[in-house]
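# Understanding the architecture of this molecule
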Amino acid sequence: MFEIKRDHYLNQLKRKMGNGMVKIITGIRRCGKSYLLFHLFQQYLLQIGIRQEQIIALSLDDEENKEYRNPSNLFGYLKSKIANNEETFCVFLDEAQLAITDEEYKEKGMIALYGILNSLLRHDNVDIYITGSNSKFLSSDILTEFRGRGNEIRVHPLSFAEFMSVDSKNLYTGYRDYSLYGGLPQIATMKSPEEKTAYLTNVFRNVYLKDILEKHNLRTDIVMDALVDILASDIACLTSPAKLVNSFVSRSIKTNANTIATYVDYLIDAFIISKAQRFDIKGKRYIGSPFKYYFEDMGLRNARINFRQIEPTHAMENILYNELIIRGFNVDIGIVVKYGKNSNGKNTHSHLEVDFVCNKGSQRYYIQSAYSIPDADKMKQEQESLDRIDDSFKKILVVQDNVAPWHNEKGYLIMNILDFLLDPDSLSR
């Protein structure tokens with residue numbers, strides 16, 4: 001069995017060791033949270049001299065540990081392991097949301113779990129790490145309860161670089177498979193297309209959607225079902241709850257914009273999709289709807305639409321967006337205004353789009369996802385919005401054409417998608 005390195009997240013855990021806060025590992029189901037904590041991080045602790053007896057690891061989804069789903073029993077167990085001992089103990093609690101589902105405590109919800117972990121934090125020799133699934137344990141819920149005493153480590157499906165580290169295919173075949181089947185770690189262990197397709201279709205229906213329906217007491221809901229199909233068909237397209245209602249009318253499903261907005265939030269909270277807002281670059285302000293929605297994993301998106309509508313342009317844009325988020329950027333859709341005159345001489349204006357405005361601290365990059373630039377006319381079209389930005393931040397065009405990175409006469413960096421994804425410093429070229 002090969003080992004998938006997740007150094008990006010492992011290094012975050014290393015940096016946060018012993019900081020007096022609860023480390024909360026969040027992310028979409030099946031993205032590797034438990035593997036990161038119970039295998040990779042535990043392996044690291046043992047390497048630096050932490051003894052196995054100092055690691056208190058408990059998986060609450062294991063039937064052998066069912067008694068500890070009662071918060072009182074859980075607290076008693078953990079307290080007994082660290083009582084009257086000067087050594088540092090690392091507490092690993094997997095599927096922590098199960099500690100709040102006991103009938104006696106279900107009304108107290110997150111408060112019961114918060115009380116347990118907050119009590120443990122009072123011990124100077126306890127370092128706490130927890131993971132949780134999306135069913136009862138979204139990051140927004142628990143971070144609210146910890147009131148500033150929790151550190152979130154957001155884990156994503158495999159990046160393309162991580163995916164290729166365990167894939168023996170050549171880069172272009174690997175990228176094709178990554179675009180089609182995504183980066184859930186389990187996919188990297190599968191060989192046949194049939195196996196991958198069956199897995200993705202099953203987990204979307206029986207894990208992700210089931211979690212949302214249970215959390216929000218929706219049971220079987222045709223609106224949610226249709227919404228996921230519509231969003232999967234329209235990745236990287238501007239839309240809004242009000243516009244989405246029209247798609248439901250064509251399907252003879254009654255709903256309204258408020259319901260759609262609420263259901264979209266459920267999907268965002270469950271890490272299935274992300275929402276990118278529009279940002280007026282010259283006006284330095286956010287614009288309201290419409291928005292763009294991107295899927296956390298292309299394999300899940302493709303499985304939802306039965307592997308139809310596999311447009312390489314939209315897939316590439318979605319993959320680029322996810323990569324930028326993994327690298328820690330805040331990502332918006334840029335808007336610049338183009339002024340002109342119509343045939344009657346009247347003043348006109350239109351909006352030109354910059355695919356991604358990426359911010360992290362003082363860094364900013366403008367990025368266009370341009371599938372192919374075969375000639376000068378296409379180059380002029382793709383860089384028109386960038387030409388109208390008058391600040392000095394770096395401008396990049398990412399293409400699928402097989403070209404080495406180069407700068408054009410305007411200083412814009414043109415880079416192949418594979419070079420961009422595989423080089424963690426690609427933005428600094």
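Reading guide: rules and limits
- Residues numbered from 1 in each chain as written.
- Predicted model: local features only at pLDDT ≥ 70, side-chain atom pairs only at ≥ 80, totals over all residues.
- Heavy atoms only, no water.
- 1 Å grid on protein atoms, 1.4 Å probe; cavity = no way out; pocket = protein on both sides within 12 Å on 5 of 7 lines; lining within 4 Å.
- Points joined across faces, edges and corners; volume = space filled by probe spheres on them.
- Helix = DSSP H or I, 4+ residues; strand = E, 2+ residues; numbered from the N terminus.
- Nonpolar A, V, L, I, M, F, W, Y, C, P; charged D, E, K, R; others polar.
- Salt bridge = Lys/Arg side-chain N within 4 Å of Asp/Glu carboxyl O.
- Buried < 20%, exposed > 50% of the residue type's maximum accessible area, 1.4 Å probe, protein only.
- Contact = heavy atoms within 4.5 Å.
- Polar contact = N/O pair within 3.5 Å; in protein donor to acceptor, adjacent residues only side chain to side chain.
- Phe/Tyr/Trp six-rings, centres within 6.5 Å; stacked < 30°, edge-to-face > 60°.
- Lys NZ or Arg CZ within 6 Å of the ring centre and 35° of its normal.
- Pairing = 2+ DSSP bridges.
- Core = buried A, V, L, I, M, F, W, Y, C linked by side-chain atoms within 4.5 Å.
- Expected span 1.5 Å × (residues − 1).
- Arc of directions from axis to C-beta.

### Some remarks on empty space enclosed by the protein
In total, this model carries one cavity of 30 Å³ or more according to the counting rule given. The volume enclosed by the largest cavity comes to roughly 100 Å³. Along the wall of the largest cavity there are 13 residues; nearest its centre are Leu158, Tyr178, Glu296, Asp297 and Asn322. Put simply, the parts of the chain that give the lining of the largest cavity at least two residues each are helix H7 (171–181) and helix H13 (312–326). With three residues, the top contributor of residues to the lining of the largest cavity is H13. Here the residues of the lining of the largest cavity are counted per class, giving six nonpolar, five polar and two charged.

### What to know about the pattern of salt bridges
Here the structure, examined in full by the defined rule, presents 21 salt bridges. A salt bridge links Glu53 to Arg51, with the shortest nitrogen-to-oxygen separation between them at 3.0 Å. Residue Glu53 is classed as exposed on the basis of its relative accessible area of 55%. For Arg388, the salt bridge is made with Glu384, and the minimal N-O distance between the two is 3.7 Å. We classify Glu384 as partly exposed; its relative accessible area is 23%. One continuous salt-bridge network, built from bridges that share partners, spans Arg205, Asp225, Asp229 and Arg304.

### Overview of H7
Side chains of residues three or four places apart in an α-helix project in the same direction, reflecting 3.6 residues per turn. Those residues of H7 not exposed but buried are Gly174, Tyr175, Asp177, Tyr178, Ser179 and Tyr181. Looking at the buried residues of H7, the elements they touch are helix H6 (160–165), helix H8 (193–215), helix H12 (298–304), H13 and helix H15 (417–422). Where H7 begins, the side chain of Asn170 points an oxygen toward the backbone nitrogen of Tyr172, at a separation of 3.0 Å.

### Some words on the packing of aromatic side chains
The final tally for this structure, using the stated rule, is 17 aromatic pairs. With a centroid separation of 5.9 Å and an interplanar angle of 80°, the aromatic rings of Phe329 and Tyr365 are classed as edge-to-face. Taken together, the residues Phe329 in the loop between H13 and strand E9 (330–341) and Tyr365 in strand E11 (residues 363–369) connect sequence positions 36 residues apart. Per residue, the accessibility class of Phe329 equals that of Tyr365, and both read buried. A network of ring pairs unites the aromatic residues Phe38, Phe41, Tyr44, Phe92 and Tyr129 as a single cluster. The lysine or arginine in question, Lys275, covers the ring of Phe291, its NZ or CZ lying 4.3 Å from the ring centre. The lysine or arginine in question, Arg327, covers the ring of Phe420, its NZ or CZ lying 4.9 Å from the ring centre.

### What to know about the sheet that holds strand E8 (residues 285–295)
Read from one edge to the other, the open sheet built from nine strands follows the order E6-E8-E7-E9-E10-E11-E12-E14-E13, with strand pairing classed as mixed. Every interior strand has two partners, whereas the edge strands, strand E6 (238–239) and strand E13 (406–407), have only one. The sheet contact formed by E13 and strand E14 (residues 413–416) spans two bridges and is antiparallel. From the neighbouring strand, Trp406 faces E14, where its bridge partner is Ile414.

### Things to note about the pairing of strand E4 (residues 126–131)
For E4, a buried count of six out of six residues is recorded, marking the element as mostly surrounded by other parts of the structure. Both faces of E4 are covered, namely the face carrying Val126, Ile128 and Ile130 and the face carrying Asp127, Tyr129 and Thr131. Sheet topology note: the strand E3 (residues 89–94)/E4 ladder contains five bridges and is parallel. In the sheet register, Val91 faces E4, and the bridge partner there is Ile128.

### Details of the side chain of Asn125
Along the chain, the position of Asn125 falls in the loop between helix H4 (110–121) and E4. We classify Asn125 as buried; its relative accessible area is 12%. At 2.8 Å, the side chain of Asn125 forms a polar contact with the backbone oxygen of Glu87. Apart from residues no more than four positions distant in its own chain, Asn125 is found in contact with Ile82, Asn85, Glu86, Glu87, Thr88 and Phe89.

### Remarks on the nonpolar core
In terms of nonpolar packing, the biggest core is built from 99 residues, with Met224, Ile272, Phe356 and Ile367 touching the most fellow members. Ranked by residues supplied to this core, first place goes to H8 with nine residues. Non-local contacts of Met224, meaning those with residues more than four positions away in its chain, are made with Leu209, Ile212, Leu213, Leu218, Tyr263, Tyr266 and Leu267. In this structure, Val22, Ile56, Leu60 and Ala96 belong to the second largest nonpolar core, which totals 23 residues.

### Observations regarding unusual backbone geometry
Looking along the chain, the bond that leaves Ser289 and enters Pro290 is cis, with omega of 10°. Within the secondary structure, Pro290 sits in strand E8. Here Asn306, not a glycine, exhibits a phi torsion of approximately 55°, which is positive. With respect to the element layout, Asn306 can be found in the loop between H12 and H13.

### Quick look at helix H3 (residues 71–82)
Between the first and last C-alpha of H3 there are 17 Å, a value that for twelve residues agrees with the 16 Å anticipated at 1.5 Å per step. When H3 is considered as a whole, its buried residues turn out to be Pro71, Leu74, Leu78 and Ile82. Across the axial projection of H3, the buried residues extend over an arc of 65°, all falling on one side. For H3, the N-terminal cap is Asn70; the gap from its side-chain oxygen to the backbone nitrogen of Ser72 is 2.8 Å.

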